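Given next are the chains, with one letter for each unit.
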Amino acid sequence: MLKETIEQLAKTCKYLNTSTEFFEDISQPKAVFEFKIRPSISGKQTILPIIRVWHCNPHSTGARPYKGGFRFHPGVNVELLKVLSMDMTKKCAIADLPFGGSKGGSPIDVKKLTKKELRDITEKMTKEFLRHNVLSPDIDVFGPDVGTNSETMFWVYNKVAEENSQMRLPNVSAVVTGKPIEHDGCPGREDATSKGGLIVLKEFIKLSKCLPEKGATLAIQGFGNVGSNLVRLAPDRVEFNFKVVAVSDENGGLYNENGLDFSSIESWYKEHKTFKGYKNATEISNEDLLLLPVDVLIPAAIENQITAGNAMEIKAKVVLELANEAVTQEAHNILKYKGIQDIPGVAANSGGVVVSFIEWARNRGSRWHTVDLNKIGEFVDEELRKIMQTVIRNVFEKSQTLSISVNDAAHILAIEKIYEKMKQKHGYK
């Protein structure tokens, strides 16, 4: 994945005729932090690696931080985090957010841990990041990712606050985003990636006229935070009224050509922790879900789902990449060859970091009371809508102007913006 990503970056830089120094700068991360902690798991002391990657910050670090999620997942490794941190840099650039890109994680399976063990790991990790001067509202700001959530972010925030008599960080609440609302979080953060993706999809359909504006069918791979919120939000009944016909988790999913009822499948899933046995749909594998003849295919689970091995068989008219790196670079090329409209993650799934920016900015300044939450939620939704519409409009316009694919246009636009900032920062020609 890293090799393909750097090759794609080299192609983009060559197209834009950027300087050699610029390519060398952004093709490798600024810093990689690796250390080990020793938590107790199942009553036994365990050595656990922790990783954080800073890709590139086109802004002045110390005034404008690196920003990126932290994940707990068995697949975490340095190479993956290098790719995901580069994606974060591009996302922030396209959305004109004053962040550099970072990503972190630890290769653990949260399903095998108790809540007490997970909190212990999170708190030990937080103390190490503080000791290495990584966590700070103006240096590196964490957010939730695969295997982490608002509760995990609260544990980080709480531990930083406890340690702050020695650290003396200003605006401690801005050290992480995605926190619970009652602990300085922001209304709308929980479903921001899903909302942002739907805003992009709707605006893209209006611009490209590639699908009718009523009743398009959706297949959604993933039923975590992003996927489940997509299933809930898609049938808006007012505007596009998308029809979700398929959904899955890591063990398989459901298909009903007449549409799935969110309330019904959510109740079943909460009770049984699986889609198996659900009566009002046909059970389907993840592999088969990706190949359904739907209008829009949305990989919203994890990386490397649409690859050179299955891309030629994709039948969807539009692919909306809401999981990071769900579509490999080679698969993007195949989708372009097949004429499938392909909206990459750097343009489609930045809704989370957009609302994270709003949370971070508010945490650095004003506070609010409970009575203001509805008004703040409306403000967040409106800002998210404006930013995500601007993102896809700019990407679509670039694709039309240069007669290139939407995927290529998104990466070119991102690198253009990063290059302009880096020229100012480092004096590149």
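All values reported here derive from a predicted model rather than from experimental measurement. (Residues numbered from 1 in each chain as written. Predicted model: local features only at pLDDT ≥ 70, side-chain atom pairs only at ≥ 80, totals over all residues. Heavy atoms only, no water.)

1. Description of the side chain of glutamate 203
Then comes step 1: In this structure, glutamate 203 sits in helix 6 (residues 192-208).
Then comes step 2: Owing to a relative accessible area of 7%, glutamate 203 belongs among the buried residues under this scheme.
Then comes step 3: Side-chain polar atoms of glutamate 203 contact the side chain of arginine 393, separated by 2.8 Å.
Then comes step 4: Setting aside chain neighbours within four positions, we find glutamate 203 in contact with Gln389, Ile392 and Arg393. (Helix = DSSP H or I, 4+ residues; strand = E, 2+ residues; numbered from the N terminus. Buried < 20%, exposed > 50% of the residue type's maximum accessible area, 1.4 Å probe, protein only. Polar contact = N/O pair within 3.5 Å; in protein donor to acceptor, adjacent residues only side chain to side chain. Contact = heavy atoms within 4.5 Å.)

2. Points about empty space enclosed by the protein
Then comes step 1: What the rule picks out here adds up to 2 cavities of 30 Å³ or more.
Then comes step 2: Estimates place the volume of the largest cavity at around 80 Å³.
Then comes step 3: Contributions of two or more residues to the lining of the largest cavity are made by helix 3 (78-94), helix 10 (329-338), helix 11 (345-348) and helix 14 (406-426).
Then comes step 4: Its residues placed into classes, the lining of the largest cavity shows 3 nonpolar, 7 polar and 4 charged.
Then comes step 5: Estimates place the volume of the second largest cavity at around 50 Å³.
Then comes step 6: If you go around the second largest cavity, the residues you meet are Leu2, Ile6, Ser27, Gln28, Pro29, His55, Lys82, Ser85 and Met86. (1 Å grid on protein atoms, 1.4 Å probe; cavity = no way out; pocket = protein on both sides within 12 Å on 5 of 7 lines; lining within 4 Å. Points joined across faces, edges and corners; volume = space filled by probe spheres on them. Nonpolar A, V, L, I, M, F, W, Y, C, P; charged D, E, K, R; others polar.)

3. As for the sheet that holds strand 14 (residues 341-343)
Then comes step 1: The strand order across the open sheet formed by 7 strands is 11-10-9-8-12-13-14, and the pairing between neighbours is mixed. Because the sheet does not close on itself, it has two edges, and the strands there are strand 11 (282-284) and strand 14. When strand polarity is set aside, the average angle formed by the axes of neighbouring strands in this sheet is 20°.
Then comes step 2: Here strand 13 (residues 318-320) pairs with strand 14 via 3 bridges, running parallel. Paired with valine 319 across the bridge in strand 14 is aspartate 342. (Pairing = 2+ DSSP bridges. Axes fitted to C-alpha atoms, helices over the stretch in contact; angles between N-to-C directions.)

4. Looking at the nonpolar core
Then comes step 1: Core analysis: the biggest nonpolar cluster contains 66 residues, and Phe242, Ile298, Leu320 and Ile343 have the highest contact counts within it.
Then comes step 2: Residues within four places of phenylalanine 242 in sequence aside, it is in contact with Leu198, Leu201, Lys202, Ile205, Ala216, Leu218, Ala234 and Pro235.
Then comes step 3: Phe70, Phe129, Val156 and Val175 belong to the second largest nonpolar core, which has 32 residues in total. (Core = buried A, V, L, I, M, F, W, Y, C linked by side-chain atoms within 4.5 Å.)

5. A short note on helix 1 (residues 2-16)
Then comes step 1: Here helix 1 is 15 residues long and its end C-alpha atoms lie 21 Å apart, about the 21 Å a rise of 1.5 Å per residue gives.
Then comes step 2: When helix 1 is considered as a whole, its buried residues turn out to be Leu2, Thr5, Ile6, Gln8, Leu9, Thr12 and Cys13. Each buried residue of helix 1 lies within a common arc of 160° when the element is viewed along its axis, so the set occupies one face. Seen from the buried face of helix 1, the exposed residues on the opposite side, beyond 90 degrees, are Lys3, Lys11 and Lys14.
Then comes step 3: Residues of helix 1 that are buried in the fold lie against helix 2 (20-26), helix 3, helix 10 and helix 14. (Expected span 1.5 Å × (residues − 1). Arc of directions from axis to C-beta.)

6. Comments concerning the environment of lysine 279
Then comes step 1: For lysine 279, the location among the structural elements is in the loop between helix 8 (262-272) and strand 11.
Then comes step 2: Judged by relative accessible area, which is 73%, lysine 279 ranks as exposed.
Then comes step 3: Separated by 89 residues in sequence, lysine 279 and glutamate 190 place their C-alpha atoms 29 Å apart.

7. Describing the pairing of strand 9 (residues 243-249)
Then comes step 1: For strand 9, a buried count of 6 out of 7 residues is recorded, marking the element as mostly surrounded by other parts of the structure.
Then comes step 2: Sheet topology places strand 8 (residues 217-221) next to strand 9; 5 bridges connect them, and they run parallel. Residue pairing across strands places threonine 217 opposite lysine 243, the latter belonging to strand 9.
Then comes step 3: Handedness of the crossover joining strand 8 and strand 9 through helix 7 (residues 225-233): right-handed.
Then comes step 4: Note that strand 9 and strand 10 (residues 252-255) share 4 bridges and pair antiparallel. (Right-handed = clockwise from strand over helix to strand, strands pointing away.)

Geometry only, nothing functional implied.
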